[in-house]
Amino acid sequence: MAERIIILGSNGQIGTELVAALRKKYGQAQVVASDIRKPQSVAGDTPFELIDVLDRKALHLLFTQYRPTQVYLLAAVLSATGEQHPRQAWDLNINGLLNVLDLSMEYAVKKVFWPSSIAVFGPHSPKTDTPEYCTMDPTTVYGISKLAGERICEYYHNRFGVDVRSIRYPGIISWKAAPGGGTTDYAVHIFHEALKHNTYACFLSADTTLPMLYMDDAIRGTLALMDAPADQICIRSSYNITGTSFSPAMLAGAIRRHLPDFTITYVKNDPRQAIADTWPSSINDAEARRDWNWSPRYGLAEITADMIVNLKKTTNGKSI
Ligand code: VAH
């Protein structure tokens, strides 16, 4: 049977590239993009639907219309924005997930993808080589909602048999679509500022090391997880994965190998610093490597080169 895929939150940083990857894999007409607002440009023959994942009635109609075989729920409020609007963050991140899981059960959707985040870890989690299972005391509404969401996903799998799969994304770096309201967004903004102004005022301190993942690796890993046979998926909360870990100072050094005169300054007392300080510096992703053969291809040097080459080609450093 042909796949029919709905992506909810397709306008975002990950959603934009997931739509393209899934359309390449399954065909344009098989993948319905959807979001709460129309994207800037919708290619003529590519299905797009306006949808609010909190509007259960509208979501029900969407599932009835398309009877999806797979659903990807990317709509979410991220860490920094979530601290400015905590109730909205909880509502979208949790009730959006519950709506999708209930309808996926009702319509016997074959597979569901839902992203978690390394934001589920907190100040008492191990700081380096953070394992799949450990103390998890997230301090942001975003992290709390993702931790609760992981437990809900595992419950719906064990209790109702929904084949929902999840990845704890680190900070995601990409050049095609802007990140939206995260603490790790500096690692994208820095490239645009470097190409435009040859300098960047960073809102995290020089030594704030965080786990990061290049978008190409994130998409390849997501498709590998979704393609794996169900009996290979041993973790139904969410899998740790990571690409590499670096600090703003390390990233600035890598950029200077391409732009020798690039300078970085550091803005103090940004609220995102307090969030970043509660997150791990590095992640252990042994289970993802064991269960579905995960392994990253982009380290800091490869990420930096690919970002600069592509941003020079596409936007001449204009912000996206
Ligand atoms: C954020 N980019 O900063 C997201 C991500 C690990 C960070 O979840 O909120």
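Draft legend 1. Up close: helix α6 (residues 186–197). Those residues of α6 that fall on the buried side of the exposure criterion are Y186, A187, V188, I190, F191, H192 and A194. Looking at the residues trailing α6, positive phi occurs at N198, about 60 degrees.

Draft legend 2. Focus on the pattern of salt bridges. Per the stated rule, a full pass over the model turns up 14 salt bridges. The shortest N-O distance in the salt bridge between D217 and R220 comes to 2.6 Å. With D217 and R220 both in helix α7 (residues 215–227) and three residues apart, this pair spans about one turn of that helix. Here R220 falls in the partly exposed class, since its relative accessible area comes to 24%. When salt bridges that share partners are traced, they join E132, E150 and R168 into one network.

Draft legend 3. Looking closely at the site of the ligand. Looking at the ligand, the residues that line it are L78, S79, S117, I118, Y142, Y169, P170, G171, G182, T183, T184 and W279. Burial of the ligand by the surrounding chains reaches 94%, relative to a free accessible area of 280 Å². Both domains that meet at the shell around the ligand, namely domain 1 (5–171 + 213–240) and domain 2 (175–211 + 245–282 + 298–314), each give it at least three residues.

Draft legend 4. Looking closely at the domain arrangement of the protein chain. Once the domains are mapped, the protein chain shows domain 1 (5–171 + 213–240) and domain 2 (175–211 + 245–282 + 298–314). Distance between the C-alpha centres of domain 1 and domain 2: 25 Å. Each partner contributes residues to the interface: domain 1 has 26 residues there, and domain 2 has 25 residues. Counting the surface lost from both domain 1 and domain 2, the interface buries some 2100 Å², and carbon and sulfur atoms represent 57% of this. Contact with domain 2 buries area across many residues of domain 1, yet Q13, K127 and Y214 alone supply 32% of it, more than any other trio. Our enumeration of links across domain 1 and domain 2 arrives at one salt bridge. Between K176 and E17 there is a salt bridge, with its nearest N and O atoms 3.6 Å apart. Where domain 1 meets domain 2, there are twelve residue pairs in polar contact (both at pLDDT 80 or more). Counting only elements with at least two residues in the side of domain 1 that touches domain 2, the list comes to α1 (13–26), α3 (79–84) and α7. For the side of domain 1 that touches domain 2, the element with the most residues is α3, which contributes four residues. In terms of residue class, the side of domain 1 that touches domain 2 is built from nine nonpolar, eleven polar and six charged.

Draft legend 5. Structural detail: the packing of aromatic side chains. Throughout the structure, instances matching the rule amount to ten aromatic pairs. Taking 4.7 Å as the distance between ring centres and 45 degrees as the angle between the ring planes, the aromatic pair formed by Y214 and Y298 counts as tilted. Here the residue Y214 occupies a position in strand β9 (residues 210–214), and Y298 occupies one in the loop between α10 (286–292) and α11 (300–314), the gap between them amounting to 84 residues. Each member of the pair Y214 and Y298 is classed as buried. Taken together, the aromatic side chains of Y72, F113 and Y169 make up a single cluster linked through ring pairs. Positioned above the aromatic ring of F203 is the side chain of R272, whose terminal nitrogen or guanidinium carbon lies 3.5 Å from the ring centre.

Draft legend 6. Summary view of α11. Taking 1.5 Å per residue, 15 residues should reach 21 Å; α11 reaches 21 Å between its end C-alpha atoms and fits that length. For α11, the set of buried residues is L300, I303, T304, M307, I308, N310 and L311. Tucked into the core, α11 has its buried residues touching β7 (171–173), α6, β9, β11 (244–246) and α8 (248–256).

About the thresholds
- Residues numbered from 1 in each chain as written.
- Predicted model: local features only at pLDDT ≥ 70, side-chain atom pairs only at ≥ 80, totals over all residues.
- Heavy atoms only, no water.
- Buried < 20%, exposed > 50% of the residue type's maximum accessible area, 1.4 Å probe, protein only.
- Helix = DSSP H or I, 4+ residues; strand = E, 2+ residues; numbered from the N terminus.
- Salt bridge = Lys/Arg side-chain N within 4 Å of Asp/Glu carboxyl O.
- Near = heavy atom within 4 Å.
- Areas by Shrake-Rupley, 256 points an atom, 1.4 Å probe, with all protein chains shown as cover.
- Domains from an automatic or database assignment.
- Contact = heavy atoms within 4.5 Å.
- Buried area = accessible area lost by both parts, 1.4 Å probe.
- Polar contact = N/O pair within 3.5 Å; in protein donor to acceptor, adjacent residues only side chain to side chain.
- Nonpolar A, V, L, I, M, F, W, Y, C, P; charged D, E, K, R; others polar.
- Phe/Tyr/Trp six-rings, centres within 6.5 Å; stacked < 30°, edge-to-face > 60°.
- Lys NZ or Arg CZ within 6 Å of the ring centre and 35° of its normal.
- Expected span 1.5 Å × (residues − 1).

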